[in-house]
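Working through the structure, step by step
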Amino acid sequence: MAFCVAIDGPAAAGKGTIARAVAAHFGFAHLDTGLLYRAVGRRMLAGERPEDAAAALAPDDLADENALRRPEIADAASKVAVIPEVRAALVDFQRAFAARAGGAVLDGRDIGTVICPDARVKLFVTASPETRAERRFAELTGRGIAAEYEDVLADVRARDARDSARATAPLVAAPDATLLDTTTLSIEAAVAEAVRLVGAGRP
Ligand code: CDP
């Protein structure tokens, strides 16, 4: 069976950085599933029905990652992500990616619970809202996207609430996930711990 690593957690917890580093370390493919919802959110802001946008999503939609990282797109993503038809339209693509022969790392909100319940390793990455907002603020500023810390914190809290409260595939740790709280960890330490946990789960 293909080796799938599921990495879930709330906004800006460090999932993406950890997932990319784990994939590079073990030579696995990596899919940031949040980009799919962001791409649907962007199409909604452009006037499309989210259900139609999810059904029509194409590789080109993911090309401009910097634009997809904008805060207003993140907010739109968490709004389309509550729609069951949107989530259903994205399942097959994610499962096919997870089944890649060479191994795959997927990060998101429902990878260990819905997309890959049989993932060989499941991590639930968290950090305090303030720490996550500081990291996201630094990331946005580093990408040249203007932001205020207080706005970023409010956005992180609003999305956490929406992601946790939704009826379909809410943000929740799978019962068999390992919790990785990165509040007091440097990114290097968080990555090292994730690599150790994934290594321990390998055949
Ligand atoms: O990077 P960050 O953690 O801030 O967000 P993201 O992973 O890009 O996800 C953006 C939004 O998409 C989230 O707030 C969720 O509402 C939604 N999402 C989801 O519902 N399920 C996933 N597997 C991934 C993202």
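What you see is a predicted model, and the numbers here were worked out from it, not measured in a lab. Here the residue index of a chain counts from 1 through its sequence in written order. Given that this is a predicted model, residues contribute local features only at a pLDDT of at least 70 and side-chain atom pairs are listed and counted only at 80 or more, while totals for whole chains, interfaces and linings are drawn from all residues. Side-chain measures were taken over the full set of non-hydrogen atoms in the model, leaving aside hydrogen atoms and water.

**Considering the pattern of salt bridges**
What makes a salt bridge here is a side-chain nitrogen of Lys or Arg within 4 Å of a carboxyl oxygen of Asp or Glu, nothing more. For the structure shown, the criterion picks out 20 salt bridges. For D75, the salt bridge goes to R162, with nearest N and O atoms at 3.5 Å. Pair noted here: D75 is in helix α5 (residues 71–80) and R162 is in helix α9 (residues 149–165), with a separation of 87 residues, a long-range link. Between D160 and R132 there is a salt bridge, and its shortest N-O distance comes to 2.6 Å. On the criterion of sequence distance, the pair formed by D160 in helix α9 and R132 in helix α8 (residues 129–142) is long-range, its members being 28 residues apart. Exposed residues in this analysis have more than 50% of their type's maximum accessible area, buried residues have under 20%, and partly exposed residues fall in between, with area computed by a 1.4 Å probe over protein chains only. The class of D160 is buried, set by a relative accessible area of 12%. Judged by its relative accessible area of 4%, R132 is buried. Overlapping salt bridges bring together D32, E65, R69, R136, E139 and R143 as one network. A run of H or I in DSSP counts as a helix once it spans at least four residues, and a run of E counts as a strand once it spans at least two, with each numbered from the N terminus.

**Points about unusual backbone geometry**
A positive phi is found at A12, a non-glycine position, where the angle reads about 60°. In this fold, A12 is placed in the loop between β1 (4–8) and α1 (15–26). Residues other than glycine seldom take positive phi values, yet A169 does so here, at roughly 50°. Here A169 is to be found in the loop between α9 and β5 (178–181).

**Regarding the site of the ligand**
Whether a residue is near a molecule or strand depends on its heavy atoms: if one lies within 4 Å, it is near. For the ligand, the set of nearby residues contains 18 residues, the closest of which are R38, R87, R136, R159 and D163. Polar contact criterion, stated in full: a pair of N or O atoms within 3.5 Å, where within protein one must be able to donate a hydrogen and the other to accept it, and residues adjacent in sequence count only if both atoms are side-chain atoms. At a separation of 2.7 Å, an oxygen atom of the ligand approaches a polar side-chain atom of R136. Here R159 contributes a side-chain N or O atom positioned 2.8 Å from an oxygen atom of the ligand. Contact with the protein chains removes 98% of the 530 Å² of surface that the ligand exposes when unbound. Secondary structure elements with two or more residues in the shell around the ligand: α2 (34–45), α5 and α9. Here the element with the most residues in the shell around the ligand is α2; it accounts for 3 residues. Taken together, the residues of the shell around the ligand sort by class into 5 nonpolar, 4 polar and 9 charged. Per-residue and other accessible areas were derived by the Shrake-Rupley procedure at a 1.4 Å probe size, with only the shown protein chains allowed to occlude residues. Basically, the charged four are Asp, Glu, Lys and Arg, the nonpolar ten are Ala, Val, Leu, Ile, Met, Phe, Trp, Tyr, Cys and Pro, and anything else, Gly included, counts as polar.

Such coordinate-based values are descriptive only and should not be taken to indicate function.
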